[in-house]
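Working through the structure, step by step
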Amino acid sequence: MALNILIVDDSPVMRAFIRKTVGLTGLDVGEYCEAQDGEHALKLLRERWMDLVLTDINMPNMNGEELVRQLESDELLRTIPVIVVSTDSSESRVQQMLALGAKGYVTKPFLPEALRDEVEKILGVPHE
Amino acid sequence: MSETNYDELVSGAVEAVLETMFFSSPLGPAEVESSASVMQARLAFHGRPSGTLSVCLSEPSARLLAAGFLGEDVESLTDSQPGEVVCELANMLCGALVSKLESNKSFELTSPELLPQNPLATDPETPPVARQSYELENGILTVTLRVKADA
Ligand SMILES: [Mg+2]
(Lines give C-alpha, C1' and ligand atoms only; values in the text may rest on other atoms or scores of the structure.)
Protein backbone atom coordinates (compact mmCIF):
# COMPACT_ATOMS: atom_id res chain seq x y z
CA MET A 1 0.00 0.00 0.00
CA ALA A 2 1.29 3.46 -0.88
CA LEU A 3 2.31 5.59 2.10
CA ASN A 4 1.63 9.26 2.66
CA ILE A 5 4.55 11.22 4.07
CA LEU A 6 4.55 14.62 5.74
CA ILE A 7 7.77 16.65 5.75
CA VAL A 8 7.88 19.49 8.29
CA ASP A 9 10.72 22.03 8.06
CA ASP A 10 10.86 25.81 7.84
CA SER A 11 13.42 25.59 5.01
CA PRO A 12 11.81 24.90 1.62
CA VAL A 13 15.09 23.60 0.20
CA MET A 14 15.52 21.20 3.14
CA ARG A 15 12.00 19.89 2.56
CA ALA A 16 12.96 19.31 -1.08
CA PHE A 17 16.19 17.57 -0.03
CA ILE A 18 14.35 15.26 2.38
CA ARG A 19 11.73 14.47 -0.22
CA LYS A 20 14.42 13.59 -2.74
CA THR A 21 16.13 11.38 -0.14
CA VAL A 22 12.91 9.56 0.78
CA GLY A 23 12.54 8.96 -2.94
CA LEU A 24 15.73 6.87 -2.75
CA THR A 25 14.18 4.42 -0.31
CA GLY A 26 12.34 1.32 -1.37
CA LEU A 27 9.14 2.96 -0.11
CA ASP A 28 6.00 3.07 -2.18
CA VAL A 29 5.05 6.70 -1.56
CA GLY A 30 1.51 7.78 -2.33
CA GLU A 31 1.61 11.45 -1.50
CA TYR A 32 4.18 13.86 -0.10
CA CYS A 33 2.88 16.76 1.93
CA GLU A 34 4.96 19.62 3.26
CA ALA A 35 4.49 22.01 6.17
CA GLN A 36 6.68 24.94 7.22
CA ASP A 37 6.00 24.64 10.95
CA GLY A 38 4.24 22.55 13.58
CA GLU A 39 1.01 24.49 13.38
CA HIS A 40 0.70 23.95 9.65
CA ALA A 41 1.61 20.27 10.13
CA LEU A 42 -1.16 19.73 12.70
CA LYS A 43 -3.68 21.35 10.41
CA LEU A 44 -2.70 19.04 7.55
CA LEU A 45 -2.70 15.98 9.80
CA ARG A 46 -6.26 16.70 10.90
CA GLU A 47 -7.36 16.86 7.28
CA ARG A 48 -5.76 13.76 5.84
CA TRP A 49 -4.08 10.60 6.98
CA MET A 50 -0.29 10.47 6.93
CA ASP A 51 1.74 7.33 7.52
CA LEU A 52 4.98 9.02 8.55
CA VAL A 53 6.03 12.46 9.78
CA LEU A 54 9.60 13.75 9.32
CA THR A 55 10.06 16.90 11.36
CA ASP A 56 12.64 19.56 12.07
CA ILE A 57 12.87 20.99 15.63
CA ASN A 58 13.82 24.64 15.13
CA MET A 59 10.88 26.28 13.41
CA PRO A 60 8.89 29.47 14.00
CA ASN A 61 5.30 29.45 15.36
CA MET A 62 5.32 25.87 16.62
CA ASN A 63 8.58 23.98 16.85
CA GLY A 64 9.10 20.26 16.45
CA GLU A 65 9.13 19.60 20.17
CA GLU A 66 5.65 21.07 20.60
CA LEU A 67 4.45 19.27 17.48
CA VAL A 68 5.50 15.91 18.94
CA ARG A 69 3.79 16.79 22.25
CA GLN A 70 0.58 17.68 20.43
CA LEU A 71 0.65 14.51 18.36
CA GLU A 72 1.22 12.40 21.48
CA SER A 73 -1.77 13.95 23.20
CA ASP A 74 -4.08 12.99 20.34
CA GLU A 75 -5.43 9.47 20.47
CA LEU A 76 -5.43 9.01 16.72
CA LEU A 77 -2.43 11.08 15.65
CA ARG A 78 -0.14 9.49 18.25
CA THR A 79 -0.12 6.30 16.18
CA ILE A 80 1.74 8.03 13.34
CA PRO A 81 5.50 7.41 13.58
CA VAL A 82 7.61 10.57 13.80
CA ILE A 83 11.28 10.88 12.82
CA VAL A 84 13.06 14.03 13.95
CA VAL A 85 15.53 15.55 11.46
CA SER A 86 17.47 18.26 13.28
CA THR A 87 20.80 20.07 13.46
CA ASP A 88 20.78 19.49 17.22
CA SER A 89 22.94 16.44 17.82
CA SER A 90 23.19 16.82 21.60
CA GLU A 91 22.46 13.58 23.42
CA SER A 92 20.07 15.36 25.79
CA ARG A 93 17.96 16.59 22.87
CA VAL A 94 17.89 13.18 21.18
CA GLN A 95 16.80 11.51 24.43
CA GLN A 96 14.22 14.20 25.10
CA MET A 97 12.60 13.84 21.69
CA LEU A 98 12.55 10.03 21.90
CA ALA A 99 11.04 10.26 25.39
CA LEU A 100 8.35 12.59 24.07
CA GLY A 101 7.34 9.96 21.54
CA ALA A 102 9.50 10.36 18.44
CA LYS A 103 10.46 7.00 16.94
CA GLY A 104 13.68 8.05 15.26
CA TYR A 105 16.24 10.84 15.09
CA VAL A 106 18.53 11.89 12.27
CA THR A 107 21.06 14.70 12.70
CA LYS A 108 21.66 17.27 9.98
CA PRO A 109 23.95 17.11 8.10
CA PHE A 110 23.14 13.53 7.18
CA LEU A 111 24.15 11.23 4.41
CA PRO A 112 21.11 10.32 2.32
CA GLU A 113 21.61 6.68 3.37
CA ALA A 114 21.27 7.60 7.05
CA LEU A 115 17.81 9.04 6.55
CA ARG A 116 16.84 6.23 4.22
CA ASP A 117 17.94 3.62 6.78
CA GLU A 118 16.01 5.30 9.57
CA VAL A 119 12.83 5.54 7.48
CA GLU A 120 13.12 1.93 6.37
CA LYS A 121 13.84 0.73 9.91
CA ILE A 122 10.82 2.48 11.34
CA LEU A 123 8.42 1.51 8.60
CA GLY A 124 9.86 -1.99 8.35
CA VAL A 125 10.77 -1.81 4.66
CA PRO A 126 12.99 -4.71 3.61
CA HIS A 127 16.11 -3.80 1.68
CA GLU A 128 16.22 -4.82 -1.96
CA MET B 1 35.72 23.63 28.87
CA SER B 2 39.41 24.49 28.43
CA GLU B 3 40.76 26.44 25.43
CA THR B 4 38.39 26.01 22.50
CA ASN B 5 39.98 25.82 19.10
CA TYR B 6 37.33 27.70 17.14
CA ASP B 7 39.22 27.52 13.86
CA GLU B 8 39.31 23.76 14.07
CA LEU B 9 35.62 23.63 14.95
CA VAL B 10 34.71 25.79 11.98
CA SER B 11 36.80 23.87 9.49
CA GLY B 12 35.50 20.53 10.79
CA ALA B 13 31.92 21.69 10.41
CA VAL B 14 32.52 23.12 6.93
CA GLU B 15 34.03 19.87 5.71
CA ALA B 16 31.32 17.71 7.26
CA VAL B 17 28.43 19.76 5.95
CA LEU B 18 29.79 20.30 2.43
CA GLU B 19 30.76 16.68 1.99
CA THR B 20 27.62 15.05 3.35
CA MET B 21 24.92 17.30 1.96
CA PHE B 22 26.40 19.33 -0.86
CA PHE B 23 28.58 16.70 -2.56
CA SER B 24 31.32 19.31 -2.54
CA SER B 25 34.43 19.89 -0.51
CA PRO B 26 36.59 22.89 0.25
CA LEU B 27 39.58 22.94 -2.13
CA GLY B 28 41.73 24.86 0.34
CA PRO B 29 41.97 28.03 2.39
CA ALA B 30 41.37 31.36 0.64
CA GLU B 31 41.51 35.07 1.23
CA VAL B 32 38.32 36.79 2.38
CA GLU B 33 36.47 37.86 -0.74
CA SER B 34 35.41 41.46 -1.01
CA SER B 35 33.38 41.22 -4.18
CA ALA B 36 30.10 43.07 -4.45
CA SER B 37 27.86 40.22 -5.53
CA VAL B 38 27.87 38.08 -2.46
CA MET B 39 25.09 36.43 -0.47
CA GLN B 40 25.26 36.28 3.26
CA ALA B 41 23.10 34.47 5.80
CA ARG B 42 23.31 34.79 9.54
CA LEU B 43 21.71 33.16 12.52
CA ALA B 44 22.09 33.32 16.26
CA PHE B 45 22.46 30.51 18.77
CA HIS B 46 21.40 30.71 22.37
CA GLY B 47 22.76 28.50 25.08
CA ARG B 48 26.10 28.29 26.77
CA PRO B 49 27.69 30.01 24.99
CA SER B 50 25.54 32.23 22.77
CA GLY B 51 26.64 33.92 19.58
CA THR B 52 26.12 34.22 15.87
CA LEU B 53 27.31 32.44 12.79
CA SER B 54 27.32 33.86 9.32
CA VAL B 55 28.23 32.47 5.95
CA CYS B 56 29.04 34.50 2.93
CA LEU B 57 29.64 33.40 -0.62
CA SER B 58 29.53 34.77 -4.11
CA GLU B 59 26.32 34.47 -6.07
CA PRO B 60 27.72 32.02 -8.66
CA SER B 61 28.97 29.79 -5.83
CA ALA B 62 25.60 29.97 -4.11
CA ARG B 63 23.90 28.88 -7.32
CA LEU B 64 26.30 25.97 -7.80
CA LEU B 65 25.90 24.85 -4.21
CA ALA B 66 22.13 25.10 -4.50
CA ALA B 67 22.15 23.01 -7.67
CA GLY B 68 24.28 20.34 -5.96
CA PHE B 69 22.10 20.33 -2.88
CA LEU B 70 18.85 20.02 -4.80
CA GLY B 71 20.19 17.70 -7.48
CA GLU B 72 19.13 20.10 -10.21
CA ASP B 73 20.75 22.06 -13.02
CA VAL B 74 21.81 25.62 -12.22
CA GLU B 75 19.47 26.85 -14.96
CA SER B 76 16.40 25.29 -13.41
CA LEU B 77 16.80 26.90 -9.98
CA THR B 78 14.19 29.43 -8.91
CA ASP B 79 15.30 32.94 -7.91
CA SER B 80 14.85 32.23 -4.22
CA GLN B 81 16.56 28.83 -4.02
CA PRO B 82 20.22 29.98 -3.88
CA GLY B 83 19.40 32.22 -0.91
CA GLU B 84 17.41 29.48 0.80
CA VAL B 85 20.31 27.09 0.37
CA VAL B 86 22.77 29.63 1.81
CA CYS B 87 20.46 29.97 4.82
CA GLU B 88 20.26 26.20 5.26
CA LEU B 89 24.05 25.93 4.93
CA ALA B 90 24.38 28.48 7.75
CA ASN B 91 21.81 26.55 9.80
CA MET B 92 23.62 23.23 9.45
CA LEU B 93 27.07 24.71 10.05
CA CYS B 94 25.81 26.43 13.15
CA GLY B 95 24.12 23.26 14.43
CA ALA B 96 27.23 21.18 13.80
CA LEU B 97 29.46 23.75 15.51
CA VAL B 98 27.31 24.41 18.52
CA SER B 99 26.75 20.69 19.11
CA LYS B 100 30.52 20.42 19.46
CA LEU B 101 30.79 23.49 21.67
CA GLU B 102 28.22 22.14 24.06
CA SER B 103 27.82 18.46 23.40
CA ASN B 104 25.64 17.62 26.36
CA LYS B 105 23.12 20.41 26.38
CA SER B 106 20.56 21.40 23.82
CA PHE B 107 20.56 24.86 22.35
CA GLU B 108 18.23 27.12 20.41
CA LEU B 109 18.99 28.40 16.95
CA THR B 110 17.15 31.33 15.41
CA SER B 111 15.96 31.11 11.82
CA PRO B 112 18.73 32.12 9.43
CA GLU B 113 18.15 35.31 7.50
CA LEU B 114 19.71 36.70 4.37
CA LEU B 115 21.52 39.94 5.00
CA PRO B 116 21.81 42.88 2.65
CA GLN B 117 25.15 43.72 1.07
CA ASN B 118 28.33 44.81 2.80
CA PRO B 119 28.41 41.47 4.53
CA LEU B 120 31.74 41.65 6.25
CA ALA B 121 30.90 44.81 8.13
CA THR B 122 32.36 44.56 11.56
CA ASP B 123 30.39 44.20 14.74
CA PRO B 124 32.47 46.20 17.23
CA GLU B 125 30.69 44.68 20.21
CA THR B 126 31.54 41.10 19.38
CA PRO B 127 34.70 40.50 17.38
CA PRO B 128 34.74 37.12 15.64
CA VAL B 129 36.42 34.20 17.40
CA ALA B 130 36.92 32.63 13.99
CA ARG B 131 36.66 33.83 10.43
CA GLN B 132 37.73 31.42 7.74
CA SER B 133 37.55 31.44 3.99
CA TYR B 134 37.63 28.39 1.77
CA GLU B 135 38.03 28.05 -1.90
CA LEU B 136 35.12 26.19 -3.48
CA GLU B 137 34.75 25.06 -7.06
CA ASN B 138 33.43 28.41 -8.18
CA GLY B 139 34.17 30.99 -5.54
CA ILE B 140 34.95 31.56 -1.92
CA LEU B 141 33.00 30.64 1.18
CA THR B 142 33.61 32.70 4.30
CA VAL B 143 32.35 31.56 7.69
CA THR B 144 32.36 33.94 10.64
CA LEU B 145 31.69 32.80 14.19
CA ARG B 146 31.05 35.23 17.02
CA VAL B 147 30.72 34.10 20.61
CA LYS B 148 29.35 36.37 23.30
CA ALA B 149 31.25 36.64 26.52
CA ASP B 150 29.29 35.15 29.43
CA ALA B 151 27.12 37.80 31.03
MG1 LIG C 1 14.66 24.79 10.99
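A brief look at the structure comes next. The structure displayed is predicted, hence computed values, not measured ones.

For the magnesium ion, every protein donor is listed as Asp10(A) (OD), Asp56(A) (OD) and Asn58(A) (O), and the spread of their distances is 2.1 to 2.3 Å. The exposure class of Asn58(A) is buried, given its relative accessible area of 15%.

What follows is about the environment of Lys148(B). All names here are of chain B. Relative to the helices and strands, Lys148 resides in the segment after strand 7 (139-147). Exposure remark for Lys148: the relative accessible area of 46% places this residue in the partly exposed category. Considering only alpha carbons, one finds Lys148 and Leu89, 59 residues apart in sequence, at a separation of 22 Å. Setting aside chain neighbours within four positions, we find Lys148 in contact with Pro49, Ser50, Gly51 and Thr126.

To continue, consider helix 2 (residues 59-70) of chain B. Residue and element names in this part refer to chain B. Taking 1.5 Å of rise per residue, 12 residues should cover 16 Å, and helix 2 covers 16 Å from first to last C-alpha, within 8% of that figure. Residues of helix 2 that are buried: Ser61, Ala62, Leu65, Ala66, Ala67, Phe69 and Leu70. Where helix 2 terminates, the next one or two residues include Gly71, which has phi positive at roughly 65°.

Moving on, we get to the interface of chain B and chain A. With 26 residues of chain B at the interface, the matching set in chain A holds 22 residues. Each partner contributes to the roughly 1,900 Å² buried at the junction of chain B and chain A, and carbon and sulfur atoms together form 60% of this total. It is Thr20(B), Met21(B) and Phe69(B) in chain B that bury the most area against chain A; as a group they hold 24% of the surface buried on that side. If you look at where chain B meets chain A, you find two salt bridges.

Below, the discussion takes up unusual backbone geometry. In this chain, Lys108(A) is followed by Pro109(A) through a cis amide linkage whose omega measures 0°. With respect to the helices, strands and loops of the structure, Pro109(A) is situated in the loop between strand 5 (104-107) and helix 5 (112-123). Residues Arg48(B) and Pro49(B) are joined by a peptide bond in cis, for which omega reads 5°. Within the secondary structure layout, Pro49(B) lies in the loop between strand 2 (38-46) and strand 3 (51-58). Phi is positive for Phe23(B), which is not a glycine, with a value near 50°. Along the chain, Phe23(B) turns up in the loop between helix 1 (6-21) and strand 1 (28-29).

Criteria and thresholds
Residues numbered from 1 in each chain as written. Chains lettered and ligands numbered in written order. Predicted model: local features only at pLDDT ≥ 70, side-chain atom pairs only at ≥ 80, totals over all residues. Heavy atoms only, no water. Donors = N, O, S within 2.8 Å, 3.2 Å for Na, K, Ca; no water. Buried < 20%, exposed > 50% of the residue type's maximum accessible area, 1.4 Å probe, protein only. Helix = DSSP H or I, 4+ residues; strand = E, 2+ residues; numbered from the N terminus. Contact = heavy atoms within 4.5 Å. Expected span 1.5 Å × (residues − 1). Buried area = accessible area lost by both parts, 1.4 Å probe. Salt bridge = Lys/Arg side-chain N within 4 Å of Asp/Glu carboxyl O.

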